[in-house]
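Structural overview
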Amino acid sequence: AQKVTQAQTEISVVEKEDVTLDCVYETRDTTYYLFWYKQPPSGELVFLIRRNSFDEQNEISGRYSWNFQKSTSSFNFTITASQVVDSAVYFCALSVSGGSYIPTFGRGTSLIVHP
Amino acid sequence: EPEVTQTPSHQVTQMGQEVILRCVPISNHLYFYWYRQILGQKVEFLVSFYNNEISEKSEIFDDQFSVERPDGSNFTLKIRSTKLEDSAMYFCASSAGNTGELFFGEGSRLTVL
């Protein structure tokens, strides 16, 4: 069975601080995908990134970066110089070949960025 | 940019009533999904649909739920006799391939009184 753990329920930072959202996953499959989704206060789910299990390269997209480490089964998400608009709930998700690639979501981390 | 659209955005219904939530997936996508999110909780998988049939479903997706793709564009979720605990945000999603890269709609909020 697959599982995603986001241990941080809520994080509060002041604008311009860097913040890292943790994601730890469990699966016995060797082929899997990891995702991050953003859920702003308006409620929709916005796709941010997908990584497959064979690509451990870190990724940077503007102020966002992702650190994938298979050795620790983690896929952490860092926002550099946070902004108020980054305030949202962020979900990490995992899909595995044995699970028909249907994403399982973590419980989410609520990020509050104060001006 | 193509997107998944859902209607209605919010529906209020009485317990025991039937509800149909509608979704228009991205046009060239082949896999369709429904998830739900009870307020403040995690996003839970309900059902996936491919090639005009259900491919996977969760324990939540019991006999009260059904899905249909009545034409080439719509994908619907029907709840036959709503219960209070069905109150949630329901998300439709679609994907081009079976890779788990889902694109979600903005959700339909269902409130059962």
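See above for the structure.
First, a word on what this report is: a plain description of the structure on this page.

Calculation notes
Residues numbered from 1 in each chain as written. Chains lettered and ligands numbered in written order. Predicted model: local features only at pLDDT ≥ 70, side-chain atom pairs only at ≥ 80, totals over all residues. Heavy atoms only, no water. Phe/Tyr/Trp six-rings, centres within 6.5 Å; stacked < 30°, edge-to-face > 60°. Buried < 20%, exposed > 50% of the residue type's maximum accessible area, 1.4 Å probe, protein only. Helix = DSSP H or I, 4+ residues; strand = E, 2+ residues; numbered from the N terminus. Pairing = 2+ DSSP bridges. Contact = heavy atoms within 4.5 Å. Buried area = accessible area lost by both parts, 1.4 Å probe. Salt bridge = Lys/Arg side-chain N within 4 Å of Asp/Glu carboxyl O.

Moving on, we come to the packing of aromatic side chains. Within the structure shown, the criterion is met by 26 aromatic pairs over all chains. Each ring, one from A:Y64 and one from A:W66, has its centre 6.0 Å from the other, and the planes form 85°; the classification is edge-to-face. When its relative accessible area of 15% is taken as the criterion, A:Y64 is described as buried. Ring centres of A:Y64 and A:F77 lie 5.1 Å apart, and the angle between their planes is 90°; this geometry places the pair in the edge-to-face category. Taken together, the residues span a long stretch of sequence, with A:Y64 in strand β8 (residues 64-69) and A:F77 in strand β9 (residues 74-79) at a distance of 13 residues. Here A:Y64 matches A:F77 in class, with each residue buried. Each residue in the set A:Y33, A:F35, A:Y37, A:F47, A:F91, A:Y101, A:F105, B:Y35, B:F45, B:F91, B:F103 and B:F104 is aromatic and connected to the rest through ring pairs, giving one cluster.

Moving on to the pairing of strand β9 (residues 88-95) of chain B. Side-chain direction in a regular strand flips from residue to residue, so the side chains alternate between the two faces of the sheet. Residue and element names in this part refer to chain B. The buried fraction of β9 amounts to 8 of the 8 residues, a majority that puts the element mostly inside the structure. Side chains A88, Y90, C92 and S94 of β9 all project onto a buried face; the interleaved residues M89, F91, A93 and S95 project onto the opposite face, where all are buried too. Examined bridge by bridge, strand β4 (residues 31-37) and β9 share 7 bridges and lie antiparallel to one another. Bridging across to β9, R36 finds its partner in Y90.

Contact with chain A, which involves 18 residues of that partner, is made by 19 residues of chain B. Of the roughly 1,700 Å² buried where chain A meets chain B, counting both sides, 58% is carbon and sulfur surface. A per-residue breakdown of the area chain A buries against chain B is headed by A:L45, A:I102 and A:F105, which together make up 31% of the total. Remark: the boundary between chain A and chain B carries 1 salt bridge.

On to the pattern of salt bridges. All names here are of chain A. Per the counting criterion, the structure on display carries 5 salt bridges over all chains. Taking the shortest distance from any N to any O, the salt bridge between R51 and D55 comes out at 3.1 Å. A relative accessible area of 7% places R51 in the buried class. Residue D55 is classed as partly exposed on the basis of its relative accessible area, which comes to 26%. Among the ionic contacts, a cluster of salt bridges with common partners joins R51, D55 and E59.

For the rest of this paragraph, the subject is the environment of A:S65. Residue and element names in this part refer to chain A. You can see S65 is positioned in strand β8. As a C-alpha pair, S65 and I79 span 14 residues in sequence and 6.6 Å in three-dimensional space. If we skip the residues at most four places from it in the chain, S65 touches E59, I60, N76, F77 and T78.

Treat this as a map of the structure, not an account of what it does.
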